[in-house]
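# Residue-level structural notes
Listed here are the chains, written in short residue letters.
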Amino acid sequence: MPEPGGTVPGPAGVPRPWRAGDISFVTFCDSGTPVPGSPEPPAPCPAASGTSSGSSRPGGADQRQTLQEVPGLSRAEPNRARPGCRDPGFVCQGPDPSFLLLLVPAALWCRWCLSAWQVRACPDPVNQLQKMAELLGLRDECREGALGAPALAASCLADNRLNLDVYLDGCCRFLQLFEGRQGEVLQVEFLRLSSNDRLLGTTLDILPHLKHLKSLVIKGGHARDEFGSCQHGSLTSLPADMGNLRCLTHLDLTFNSLSTLPSCILHLSSLRVLLVSHNRLVALPEDFGSLSKLTFFSAMKNLLKDLPQSIGDLAVLQDLDLSENALEFIPEEVGNLHNCTELDLSGNRLSSIPDSLANLKCLRRLHLHSNLLVTVPASLASLPNLSRLDLQNNCLSAVPPEIQTLPFVRLRGNPLGETEPSPQADESSAGRLRRLFLASGEDSFTVTSEGCKVVLACGIRFYFPPGAASDPLQIYFRTLAPDPQCVRLRHHDVLLSRVLELQPHGVKFQQEVRISMPYASPQTLHQREVVVRTFSGQSWSDLRTTVEQKRKSKKHVAHCSVLHFSWFLVVSRLVQNECKVPTEGTLLFSSVDPNIKVTFPPGVTEQTRTVKMQVLPVSAGELEEITADAGCRASPLLCLSQDSLVDFLRPVRIQLPLPPGVTGINLDQSRLHLLHGDLEGQTWDDITSQVVLEFTHLYAVFEVTHFSWYWLWYTTKTYIGGIAKKVYERLRMYQVNFIALQRKKDPEQVLLQCIPKHKVDPVLKKLQDRYRGPEPSDMVEMFEGEQFFAAFEGGISIDMDRPDCVDGRLSFTFYSHLKNMKEIYVTSPMDRKDQAVKGQVSFYRGAVPENIPEEASRRRRGPDSLWLVTLPIKLPRLKPRWGENPGALNGFSFPPLNLGNAETGYLTQANLLSIARRVGADWQTIGLNLGLTYQQIERIGYNHREDLDKQILDMLFSWAQQNSEDPDCVSKLITAMKESGRQDIADEVETIIELGRQKYRESIRRVGLEQDSSTENSAIAMV
């Protein structure tokens, strides 16, 4: 490869600069002549620009294109390039005149007309070149295979706003815009990016040059892990130059990987709103109080252990959220936050709070729940504006009377009136332990050495005995939908619960912690047992489990005790009997059928090993239904396993009962077959001739040296292995029906469910008042844990961006005792103004569980081997909504809107449209905070699943329609924006309202001066 600065043959033999990717390096000295060893600048190429070479260096200022500032890169003189050429070059500038190092995209090399440059050298040219090479390389990478990508990127730029966090390639689009439309990008005031984007690092280097930036959002959580949880973004720091963004007032860095607060933030002199929630901050800088204009600060869900004293210097701070950290102490200086209206310290390790909180005269809401408080100052009752005081789930045995009598105080979950437990307290004193009742939105709690009882909203309970945790420990929990890729069920297992994950993983408790998990009723599962199963990170194992049924609620609960936290679930399995086999031998029999025995003679093993036995009873009725042979009989199915790979040293004697109706008297030995199956049940071999069978009146006895499945059959069939395999498969299957119902009040809401055959009638009876639809499908058979899909066809579609949508089809996993149900909104691309849309939903098989025979997975009904059933769906004609008269807004029609009143100022349609352009991906959160129901939000999303702008418009104008008569609707809009973390929009609305007030006052003055002016003219002047 040529050295940098050398030449290589170009087109038609013309030398061209050496390439590094698509970048050429050309060096010139101060005089503009090439440095020895650098390539000669090529002659201008008239064909490239459509002009002659004589016009290649125009002196007109209108043909100059100045390179915008890039870190360490600038141009001392505008580039005199050909007309129409963009500016592709970057120049390093430093303190001493030396040389020019020019980076030119090779594809544009022939379009350049190099003149004498007045330039300076970069003090660190190699480093800067590497940065720019990375930038240009990433730009080209973004372009690969993306025809029209610049146009897509340009469509993201709306006025002075860039909402790029809704795109998977948002940073790539930003780089394209910065390259092609720098002037407009540098004027951007509102920017949103995803920190899950792999090009974030390159994008951050450009942000310090957006000098007009007012609001910056760099959030994670746009990607999900295998369990469906949001992933933290990759952001760990910010460029130091970002402290020069003097206009920045709103900065949102939530859901990232920050361990320290970037120092540049402290230099943002105009910053009013700062969000760093869901990071890994362990401390705030000592001079944090230098953010003198800060009004809102949220650092919830971090690892903060203490606060700097300077936090009291935030004189204008109104909202402070430090919940779910590890704070053990609050400095007295917090009492200096005289403008604070809401303070959230919940979910920490506070045992006390400072008396100085009584100085917060503006405080309205104080959240202190889920701490370790043993006392609270009575002076809190004197706060004049306090309307909510949450002290739930603490250690308060006594509360000052003046606080306890407040109507807005919450004290649930405190040991009020109880004495302090003695240091020697044990489980007998469990009734005096602190009790925590967690709401549905909470996902963590703190455990101390005193122990506690915890009740989750889903009914799961924990008992931490005193001394289980030596130091305060934050416990995190979540319940997950079972994923067949992670939840591996064994043969004949039935899942009875969702997956419970407890963190931190690997932490060892000093004493066992008891977990109580509710599970689905196993009433139809006979001769089985319920166990809690846990995942160690490598494999699943069963825990010693006790079960009970609550008397009042009739709920079934499984209890287990553990020293480590991990993943847990409840399953029903075949009853398992086990024993230790020593060298002296032993006897093992089944608790399901005591007639099944295994005898281990002395000397059967050199080392003690563990043997497990499971028995699956098979009724004569089941066998006859599957085989269609009334004369076919079989014994219970016996499975034996051990923890050693070595065969026994001496034969083990096994006793099985003869098949039903067969005795030693009427036995025809030619019809009796002993079958041996592998541990996966894939193959069944007739080993009758390989063993010595002994018969008694009721039993058959034989000897083996290794373990597996054993099954006695009595039949006239000769090839019994294939029949046994078919029966074994069917014993693992469930007969199910599918239903597809539509809500009577909202036909676009469709309920899909896969139901075991015996539950169909009860389920339909419960749903018939609210839903209508076709009859259930024909019966099909499915394995426990088998995947299936639902595909909408015939002009009906769903949101393809749903996490459970695979290739346009909804993904399900069948578990016989869980609700295999989803309720979704459907739409149609067809015109429904004139006629209804008659479509259908078809169900298809997906991946079957592991260890299912290949023949079983191939045997399917219908022309398509994966097709199961099809059910009709009908969407009725659309009724006209809101009239057809008003003017259109992006495809929507709404009556004229004026929110507010003359004295406080109006919000017009134009104002709402301007607000809608800035909402972006937060529209759902904003809609919920505005009071729209979750069903309304979901329906809006599905109605406009491919158009974010229409989703936002529909949400905002639907709310406006519902609240147009409410005089406080504008203030509610501002509050909703603040609660949604969109202080930038709240500021804009307040600015619009203030402008409306000014115009109203001006109109009043004008009316006073000009008596003949009408009220109507005044109102017009205000607008």
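Cut-offs applied
Residues numbered from 1 in each chain as written. Predicted model: local features only at pLDDT ≥ 70, side-chain atom pairs only at ≥ 80, totals over all residues. Heavy atoms only, no water. pLDDT = per-residue confidence, 0-100. Contact = heavy atoms within 4.5 Å. Pairing = 2+ DSSP bridges. Helix = DSSP H or I, 4+ residues; strand = E, 2+ residues; numbered from the N terminus. Salt bridge = Lys/Arg side-chain N within 4 Å of Asp/Glu carboxyl O. Buried < 20%, exposed > 50% of the residue type's maximum accessible area, 1.4 Å probe, protein only. Axes fitted to C-alpha atoms, helices over the stretch in contact; angles between N-to-C directions. Parallel < 35°, antiparallel > 145°, perpendicular 65-115°, else oblique. Nonpolar A, V, L, I, M, F, W, Y, C, P; charged D, E, K, R; others polar.

## Looking at the confidence of the model for the protein chain
In the predicted model, the protein chain carries a mean pLDDT of 77, and 75% of its residues have values of at least 70. Counted against residues more than four places away or in other chains, residues 1-149, with its pLDDT under 50, gives 244 contacts. Taken together, the stretch residues 420-431 has pLDDT below 50 and engages in eight contacts with residues farther than four places along the chain or on a different chain.

## Some words on the sheet that holds strand β53 (residues 867-875)
Strand order in the open sheet formed by five strands is β49-β50-β48-β52-β53, and the pairing between neighbours is antiparallel. Both edges of this open sheet fall to β49 (805-806) and β53, since each of them pairs with a single strand only. With six bridges connecting them, strand β48 (residues 786-793) and strand β52 (residues 837-845) associate as antiparallel partners. Within β52, the position partnered with Ala 791 by the bridge is Ser 842.

## Quick word on the pattern of salt bridges
For the coordinates displayed, the defined rule picks out 24 salt bridges. Among the ionic pairs, Glu 703 bridges to Arg 653, the shortest N-O distance being 3.7 Å. In this pair, Glu 703 is assigned in strand β42 (residues 699-704) and Arg 653 in strand β38 (residues 652-657), connecting sequence segments 50 residues apart. Classification of Glu 703 as partly exposed rests on a relative accessible area of 41%. With its nearest N and O atoms 3.1 Å apart, the salt bridge here joins Glu 823 to Arg 743. One end of the pair, Glu 823, is in strand β51 (residues 820-825); the other, Arg 743, is in strand β44 (residues 733-743), with 80 residues separating them in the sequence. For Glu 823, a relative accessible area of 27% translates into the label partly exposed. Residue classification places Arg 743 among the partly exposed residues on the basis of a relative accessible area of 23%. Where salt bridges share partners, they join Arg 490, Asp 493, Glu 529, Arg 533, Asp 542 and Arg 573 into one cluster.

## Examining the packing of helix α13 (residues 923-930) against helix α15 (residues 948-963)
At a minimum axis separation of 10 Å, α13 and α15 run at an interaxial angle of 10 degrees. When the axis of α13 is compared with that of α15, the two are roughly parallel. The segment α13 lies against α15, with Trp 923, Ile 926, Gly 927 and Leu 930 engaging Leu 948, Gln 951, Ile 952, Met 955, Leu 956 and Trp 959. When grouped by side-chain class, the residues that make up the contact of α13 with α15 number eight nonpolar, two polar and no charged.

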